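For reference, the chains in residue letters:
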Amino acid sequence: MKRLLEILAVSTKLGLTSFGGPVAHLAYFKDEYIDRRKWLDDKTYADIIALCQFLPGPASSQVGIAIGMLRGGILGGVVSWFGFTVPSIIVLIIFAMMYQTFALGDAGFIHSLKVVAAAVVLHALIGLGKKLTPDKARIAIALVAAAVMLLYPSAWMQILIILAAGLLGIRQFKDKSEPKVQTFNVNISKKLGITSLGILVFTLVMLPLLTKMTDNPLLSIFDTFFRVGSLVFGGGHVVLPMIEREVVPQGLMTANEFLAGYGMAQAVPGPLFTFSSYLGTMMEGIAGAIVATIGIFLPSFLLIIAALPFLNELRSRKSFQGVLMGVNASVVGILLAAFYDPVLKSSIFTGADFALGTILFALLNIWKVPAWLIVILGVIGGYIFSFISF
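Thresholds applied
- Per chain, residues are indexed from 1 in the order of the written sequence.
- In keeping with the predicted nature of the model, local features appear solely for residues at pLDDT of at least 70, side-chain atom pairs appear and are counted solely at 80 or more, and the whole-chain, interface and lining totals rest on all residues.
- Side-chain calculation: all heavy atoms of the structure are included, whereas hydrogens and water are not.
- UniProt positions are given in the numbering used here, feature names are shortened, and annotations may be inferred rather than shown by experiment.
- Between 30 and 60 degrees the pair is tilted, below 30 it is stacked and above 60 it is edge-to-face, where a pair is any two Phe, Tyr or Trp rings, Trp via its six-membered ring, whose centres lie within 6.5 Å.
- The cut-offs for exposure are 20% and 50% of the maximum accessible area for each residue type, with area from a 1.4 Å probe on protein chains only; residues under the lower value are buried, those over the upper are exposed, and the others partly exposed.
- Every helix listed is a DSSP run of H or I at least four residues long, and every strand listed is a run of E at least two residues long, numbered separately from the N terminus.

Naming follows an unreviewed UniProt entry, where the protein chain appears as Chromate transporter of Thalassobacillus devorans. Turning to the protein chain, the UniProt annotation filed under Subcellular location (unreviewed entry) states: "Cell membrane". Reading the Sequence similarities (unreviewed entry) entry of the UniProt record for the protein chain gives the comment "Belongs to the chromate ion transporter (CHR) (TC 2.A.51) family."

Trainee: Describe in detail the packing of aromatic side chains, supporting the description with residues and values.
Mentor: Going through the model one piece at a time under the given rule, you end up with 12 aromatic pairs. Ring centres 5.2 Å apart and planes at 25 degrees place the aromatic pair Tyr 33 and Trp 39 in the stacked group. There is no split in this pair, since Tyr 33 and Trp 39 are both buried. Here the aromatic rings of Phe 95 and Tyr 99 are separated by 6.3 Å at their centres, their planes lie at 70 degrees, and the arrangement is edge-to-face. Residue Phe 95 and its partner Tyr 99 are both found in helix α4 (residues 59-101); the two are separated by 4 residues, about one turn of the helix.

Trainee: So what about the environment of Lys 191? Which residues, and what values?
Mentor: Looking at the secondary structure, you find Lys 191 in helix α8 (residues 190-214). Between the C-alpha atom of Lys 191 and that of Pro 309, which follows or precedes it by 118 residues, the distance is 8.8 Å.

Trainee: I'd like to hear about the environment of Pro 269, residue by residue, with values.
Mentor: Mapping Pro 269 onto the fold places it in the loop between α11 (255-265) and α12 (275-307). Judged by relative accessible area, which is 11%, Pro 269 ranks as buried. Residues Pro 269 and Phe 102, 167 residues apart in the sequence, show an inter-C-alpha distance of 24 Å.

So, in structure tokens, the structure goes:
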């Protein structure tokens, strides 16, 4: 119990102070878990990061979960996630309730948040493009993925694009794989790993069937967010297009409501996947927030438990590395499509909007201003531009 309380205290501190996105989170983790407390050595930490980069879902949250599991078992992973995630969940739930109660949709700062979202997504798109599409073949996959998503926008089309890119990657990129991959020592049995993977696959298959049979809104929310948490490659920003296709076209919320929450999610510490808490609140109140949050994060637990025992074998296979290269390239294209619709279409209407968005993007991309500060500057800038524009 003492060890669990220690994990909770440290992870909560990180959850209250870890601004700046996944890369910054990993730096905070290293400072707190490795440098200060010596819970792990540098090599083990690097191996955990490598593992989480290979899995769908929120990489920084998964690293925190894995560290918690190594420190305090599976329950330690749950406690580590709880402390790191709950602070931002609370803020986003309160924001959603205020949005509904006080009709914030007409407030000027809400539009500024949508402009902030445009700048942040463009910044993420460029960063992902440099990292995940370094050659012509992967650029081509990204462009085709973007075109298909713009022509046939749907959640299922997005899944088909990811699967097709993965299959293409087996053949196209196996020669680009890393010949030497570091090993990773684990204490989880292969039997438990297979069981965890079985639970994940069974849940993915059964949830859509149960949703159609019962017509329960909370079950439908859990189905949507569990599927997203199981299939999103590329980190938090890729949540944007995948969830948008699930909720906006179905009329569960407007594009304006969606982007306002996404902009606000940039201002809080912790993982961007807590955007799900805002969306769940907008759809079904507090119960919806709880169901959506559990739904999107649960696959991360199941995937980590499933992958750890088989990690060394998988990472050494050229075909597996090729699949990931293809999938990651398609993720860039999916985010490119989302940058146009809904981000640009719902945020940039006037020259003032474009000017503000350009300034915010430059601050992010050139001057490296953190995203949470961009939110504050965006809201202030929005009010200034509203006064000086004609």
